[in-house]
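Now for the letters of each chain:
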Amino acid sequence: MDFRLLGPVSAFSGDVPVPIGPPKRRAVLALLVLAEGAPVGAERIIEALWDTRPPTHARTIVYGHVSALRGLLHAAPTACVATEGGGYALHAAPEAVDVWRFRDLVRRATAGSSGEESAGLLREALGLWRGRVLGGAGDTPLMAAAAERLVEERLAALEHFAAALHACGRGAEALVPLRSAVERHPLRESLIAATVRSLHDADRQADAIDLYHRTQRLLAQELGVDPGAALSEAYLAILRSRPAADRQPKTKRGAPTLVPVPVPGHTPAPPPAPPLRPTTPSATHATPDTPVPTDTPPPLSLLPRAPAGFVGRSDELARLCEAARSGTPALCVVTGPAGVGKTSLAVHWAYTYAGDFPGGILYADLHATEPDGTGPQPVGVLHDFLQALGVPEERLPADTRAAEHLYRSLLTGRRVLVLLDNARDSAQVRPLLPGTPGSTVLVTSRNRLEGLAATDCARLLPLERLAPPDGVRVLSTVIGDVRVAAEPVAAAHLSALCDGLPLALRLAAARLAARPRLSLRAMADDLVDEHRRLSLLANEDLGVEATLRLSVQQLPPAGALLFRQLALHVGSELDAGAAAALTGLPPAEARAALEELATAHLVEEWTGDRYLMHDLTRLYARSAVARADTAGLHRLLVHYLAAAQAAAAAAEPGSQPCCTLPPGVTPPVAPPVFADRADAMAWYVTERANLTSAVAAAADAGYPELAWRIAVELWPLVVRQVHDGWEPALERALAAATALGDPDAESRLCSLLGWVLTENGRHTAALEHLCRAPDLAVRAGDPRGQVIALINWAAALEHVGDLAGAGTRREMAARMAHTLDHPHTESLSLYHLAAHCLTVGRPDEALTHCRQGLALAPEEQSDERRALLLDTCGKALQALGRDSEARRCFTEAAALAGPPLPVEGPAAGQGSLPVGGGGAPGGKLRIVAG
């Protein structure tokens, strides 16, 4: 049984969710989990469930919840709820509880681990979070405080994660989670400082400086203070430093300092030295071509030619050295996508430190990437190794087991390096492992050979794409420093277009070398064309497309199906739900298929349950779109629509759904479930790019019914991030609705697009849409839509100074809303009418409208809506000189408002909530017609 609190409170038996029950039972489970095995008293549980107003039989109810939990855990032998010390304690395996795993990973990461190791542990810890913490467990003060403490732990872990990556020169990798967290915590200076450093690491100095200045202004406005030491130091560090493109990657702390030695087989080797120990200072500048006089015959070496123009990878080289010192024998597996440079790294390291292996170097290409999936059998490789070690052909054992024994006996007492290139799986490698202490085995593979880690203590080294500065250096090795220095911006752009893959970079550089008059900018412009990029990144005997094809050919059936269907995906990120929609597989099988692609490095595990396709992989998938089942696109669009509908319902409780699924459309098998507004809004932010792309994809594919529906269901995010470039998607959706001749769809899109245009200062264009929306709603038979359209039209008229026209339409909207028997819409119309009355100097009428709105059923209104009504009521009372009553309204409004949701740009209809009557603003609330 697995328990999950870092998101909605839930329990799973394998992949099957266990029905816990109502929110209070979830709260009991959460309390027991958070106690980490210590007993929790009944009084503590009662306080968490009911705060200061428990029912008469509270203890009996608590016992009932505990008894029900025990029943759920009855079938789980590793978990139980015990009665101890007058309370209840949950006993479970540490790995079965996500909070416990998270805290253990953070403790290990912050207990002196190296930058790389710390970053890996923290990445795993942060990946356990799935949404709003303790979701569905109630919101009493005690539960809210527990959730806040967990959120603080996550933020601290995120800051440590960013610091660890920054120490490794890879701070840009932390940008996605940092920017998302900054939106929710815009005043947390330590978080801003980490983001500033990461932006600088990503060569985004302008964005880093802009973020600092925006935060400086916000601190002054909200708190009246200047940035503290941490944020100021991060800002000053940017001003003092050179651009990241001019800096060398940082090496990992504590990495051994190793010195290159002569290449065996080319020049005589020096006398054997202690393993992996620095040579004398005079030798520190030796290169593989530097002859070192010696009378010692060269040791055995089967290495292929040394890679030319090797660039960067200082941290990875240091980690290989660390791995070579770690075991008896040491075993390290370098994994990564096709073209990332695994073989080059391994062979370069082998040449560089060949002197540390006086027993010789054995090398074999296991040919896992052969098109037919075949490669040399272990017995064949063993025979090659045995012959290299001096065994005559007639004495080679025919039996694999006998060959293994002879191989290991010959290596006894010898310090050797065994380099196994292009391994297919762990079973192919195990017979080739030496048994002698002091030897080192280095394996490269496109697959994550986790089996070797489990059975043979292998260290896995995932090889990342090259950092942008190193990508530029790869270009320089082929076309020269002068040509790169003449076009530094274009060189950086080329590096980005090649996805940081050394193979792609060298192919691009080779094309430039063969065309000395071709500018780097022209080459970059050619590569921007996604239809030509893969063909340009190829030459006579190799190319990015060919290497990717080999990886795809070796996928298991489910993974191969999913990769074919990725050609239809609308974005570059996806989760298991999107994968299930694309393939038609059940969610659990789709998740397994995603894992198969990640194992083959065709997608990258990103955050939580999300996977990323890099550009070149995405382009290769789309180049094979003819082999995809096009029904998958329709299922994907329906998945995004159903998910957006669920998110809108959770983000705006009480609001009427914008639309239903189109007639005849089958709903998804397992649409996402959102615990609350914060959970839904986090999903919107994460999926924003996919959702807007889905609108265009639906329109292009001839699904206008899906295009307009997905667009209108974006409104909860649109109203909170109104200045974030929504016009293209909404205009595309409006065109689809117009082509359908559906007045309901047109009315909704005209209203939403018109409001967005109004907020962005395009008043003339806004009024062209907004003046059509009410009549379209009438034609559609949608009186509520007519109310919304009138409210938005009035807002646009106020912006152009037509207060009389605005007032007329707001009064009309309020009268119509009163007849609808829909409190959510009526409170919306009354709020806007009250705000208008305040604007034109009629506070007594504003007070009346606010009180009418507040008298409506509270359960039909969101806390945000009621807070706005209370805020406006307080302003009306202030204008009437009734300050003490106003202060009570402001205090109650501030309590209802809670923490602000992420907002970009000015709020529509926002009001400030003075605390204590006429004081500094205590917070900001917003509402729009939606």
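Above this text sits the structure in question.
Conventions adopted
Residues numbered from 1 in each chain as written. Predicted model: local features only at pLDDT ≥ 70, side-chain atom pairs only at ≥ 80, totals over all residues. Heavy atoms only, no water. Helix = DSSP H or I, 4+ residues; strand = E, 2+ residues; numbered from the N terminus. Buried < 20%, exposed > 50% of the residue type's maximum accessible area, 1.4 Å probe, protein only. Contact = heavy atoms within 4.5 Å. Areas by Shrake-Rupley, 256 points an atom, 1.4 Å probe, with all protein chains shown as cover. Salt bridge = Lys/Arg side-chain N within 4 Å of Asp/Glu carboxyl O. Axes fitted to C-alpha atoms, helices over the stretch in contact; angles between N-to-C directions. Left-handed = near helix turned anticlockwise from the far one by under 90°. Nonpolar A, V, L, I, M, F, W, Y, C, P; charged D, E, K, R; others polar. Pairing = 2+ DSSP bridges. Parallel < 35°, antiparallel > 145°, perpendicular 65-115°, else oblique. Core = buried A, V, L, I, M, F, W, Y, C linked by side-chain atoms within 4.5 Å. Disulfide = S-S within 2.5 Å. Arc of directions from axis to C-beta.

Asks: Is there a simple way to think about the overall build of the protein in this case?
Replies: Across its full length, the protein holds 41 helices and 16 strands. Burial analysis of the protein (930 residues in total) assigns 50% to the buried set. Within the protein, contacts between residues at least 6 apart in sequence are counted, and of these 68% link residues at least 24 apart. Carbon and sulfur atoms provide 54% of the accessible area of the protein, an area that totals close to 39,100 Å².

Asks: Looking at this structure, how should I read the pattern of salt bridges?
Replies: Note on pairing: side chains with opposite charge can pair once their charged atoms come close. What the rule picks out here adds up to 31 salt bridges. When the shortest N-O distance is used, the salt bridge between glutamate 404 and arginine 408 registers 3.0 Å. Remark: arginine 408 and glutamate 404 occur in helix α14 (residues 400-411); sequence separation between them is four residues, near one turn of the helix. Residue classification places arginine 408 among the partly exposed positions, given a relative accessible area of 25%. Between arginine 610 and glutamate 573 there is a salt bridge, and its shortest N-O distance comes to 2.9 Å. Of the two residues, arginine 610 sits in the loop between β13 (604-605) and β14 (611-612) while glutamate 573 sits in strand β12 (residues 573-574), which places them 37 residues apart along the sequence. Beyond isolated ion pairs, a larger network of salt bridges with shared partners links Glu116, Arg123, Arg170, Glu173, Arg319 and Glu464.

Asks: Whenever I open this one, the side chain of glutamate 159 confuses me. Can you help?
Replies: With respect to the helices, strands and loops of the structure, glutamate 159 is situated in helix α6 (residues 141-167). Setting aside chain neighbours within four positions, we find glutamate 159 in contact with Arg188, Ser190 and Leu191.

Asks: So what exactly am I meant to see when it comes to the packing of helix α30 (residues 704-712) against helix α33 (residues 743-759) here?
Replies: For any two helices packed against each other, one specifies the crossing angle of their axes together with the interaxial distance. At their nearest, the axes of α30 and α33 sit 10 Å apart, and the two run at 35° to each other. In this structure, α30 meets α33 at a crossing whose hand is left-handed. The residues of α33 that touch α30, namely those facing Trp708, Ala711 and Val712, are Asp744, Ala745, Arg748, Leu749 and Leu752. Along the lines of polarity and charge, the residues of the contact of α30 with α33 split into six nonpolar, no polar and two charged.

Asks: I would appreciate a short explanation of the pairing of strand β5 (residues 80-84) in the present structure.
Replies: Regular strands have side chains that alternate between both faces of the sheet. Relative to strand β6 (residues 87-91), β5 runs antiparallel, the two being bridged by five bridges. If you follow threonine 83 over to β6, its bridge partner there is tyrosine 88. Remark: two residues form the turn of the hairpin made by β5 and β6, two consecutive strands paired antiparallel; glycine 85 in that turn has positive phi of roughly 55°.

Asks: Whenever I open this one, the sheet that holds β5 confuses me. Can you help?
Replies: What links the strands of a sheet is backbone hydrogen bonding, and the strands pair in either a parallel or an antiparallel sense. Pairing is antiparallel in the open sheet, where three strands are placed in the order β4-β6-β5. Each edge of the open sheet is held by one strand with a lone partner, namely β4 (40-41) and β5. Set on the sheet, helix α1 (residues 23-34) makes contact with β4, β5 and β6; between it and β6 the angle comes to about 70°.

Asks: Would you mind showing me how to read the packing of α1 against helix α2 (residues 42-50) here?
Replies: Look at α1 against α2: their axes get within 10 Å of each other, and the N-to-C directions meet at 135°. Compared by their axis directions, α1 and α2 come out oblique. Two packed elements cross with a definite hand, and for α1 against α2 that hand is right-handed. Between α1 and α2, the residues in contact are Lys24, Ala27, Val28 and Leu31 and Arg44, Ile45, Ala48, Leu49 and Trp50, respectively.

Asks: Please clarify how the nonpolar core should be interpreted in this entry.
Replies: The nonpolar side chains of soluble globular proteins are, as a tendency, buried together. Ranked by size, the top nonpolar core spans 100 residues in total, and within it Phe563, Leu566 and Tyr684 carry the most contacts. Ranked by residue count, the leading element in this core is helix α28 (residues 631-651), at 12 residues. In this view, tyrosine 684 contacts Ala644, Ala647, Ala648, Leu691, Glu713, Leu714, Pro716 and Leu717; residues no more than four positions away in its chain are not counted. Judged by nonpolar contacts, the second largest core, of 78 residues, contains Leu105, Met143, Ala181 and Val182.

Asks: Would you mind going over the sheet that holds strand β10 (residues 440-445) with me for this structure?
Replies: In space, the five strands of this open sheet follow the order β8-β9-β10-β7-β11, with parallel pairing throughout. One side of each edge strand has no neighbouring strand; the edge strands of this open sheet are β8 (361-365) and β11 (459-462). In this sheet, neighbouring strand axes are inclined to one another by 15° on average, regardless of whether the strands run parallel or antiparallel. Where β8 and strand β9 (residues 417-421) come together, five bridges link them in parallel fashion. Looking across to β9, one finds that alanine 364 is bridged to leucine 420. Those strands touched by helix α11 (residues 314-324) are β7 (330-335), β10 and β11, and its axis lies near 175° from that of β11.

Asks: Help me understand the environment of proline 141, please; the structure alone is not making it clear to me.
Replies: As for its placement among the helices and strands, proline 141 is situated in helix α6. When its relative accessible area of 49% is taken as the criterion, proline 141 is described as partly exposed. Taking the C-alpha atoms as reference, proline 141 lies 9.9 Å from threonine 52; in sequence the two are 89 residues apart.

Asks: Looking at this structure, I do not really get unusual backbone geometry. What am I missing?
Replies: In terms of backbone geometry, most residues other than glycine have negative phi values and most peptide bonds are trans. Phi is positive for glutamate 36, close to 55°, though the residue is something other than glycine. Relative to the helices and strands, glutamate 36 resides in the loop between α1 and β4. Even without being glycine, leucine 134 reaches a positive phi, approximately 55°. Position of leucine 134 relative to the elements: it lies in the loop between α5 (115-126) and α6.

Asks: Is there a simple way to think about the state of the cysteines in this case?
Replies: The term disulfide refers to a covalent linkage connecting the sulfur atoms of a pair of cysteines. Summed over all chains, the structure comprises zero disulfides. With no disulfide of its own, cysteine 771 lies closest to cysteine 750 among cysteine sulfurs, the gap being 8.5 Å. Residue cysteine 771 is classed as partly exposed on the basis of its relative accessible area of 35%.

Asks: Would you mind going over the environment of leucine 460 with me for this structure?
Replies: If you trace the backbone, leucine 460 turns up in strand β11. Of the residues examined, leucine 460 reaches a relative accessible area of 30% and is grouped as partly exposed. Placed 12 residues apart in sequence, leucine 460 and arginine 448 show a C-alpha to C-alpha distance of 7.8 Å. Leaving out residues up to four positions away in the same chain, leucine 460 has contacts with Arg319, Val333, Leu449, Glu450 and Ala453.

Asks: What is the right way to read helix α7 (residues 175-184) from this model?
Replies: Looking at α7, one finds that the buried residues are Leu175, Pro177, Leu178, Ala181 and Val182. Burial along α7 is one-sided: seen end-on, the buried residues are contained in an arc of 165°. Looking at the buried positions of α7, the neighbouring elements they touch are α6, α8 (189-201) and α9 (205-222).

Asks: Explain the pairing of β9 here, please?
Replies: Taken across its five residues, β9 has five buried, putting it largely inside the fold. Covered by surrounding structure in β9 are Leu417, Leu419 and Asp421 together with Val418 and Leu420, the residues of both alternating faces. The pairing of β9 with β10 spans four bridges and is classified as parallel. Bridged to leucine 419 within β10 is leucine 442.

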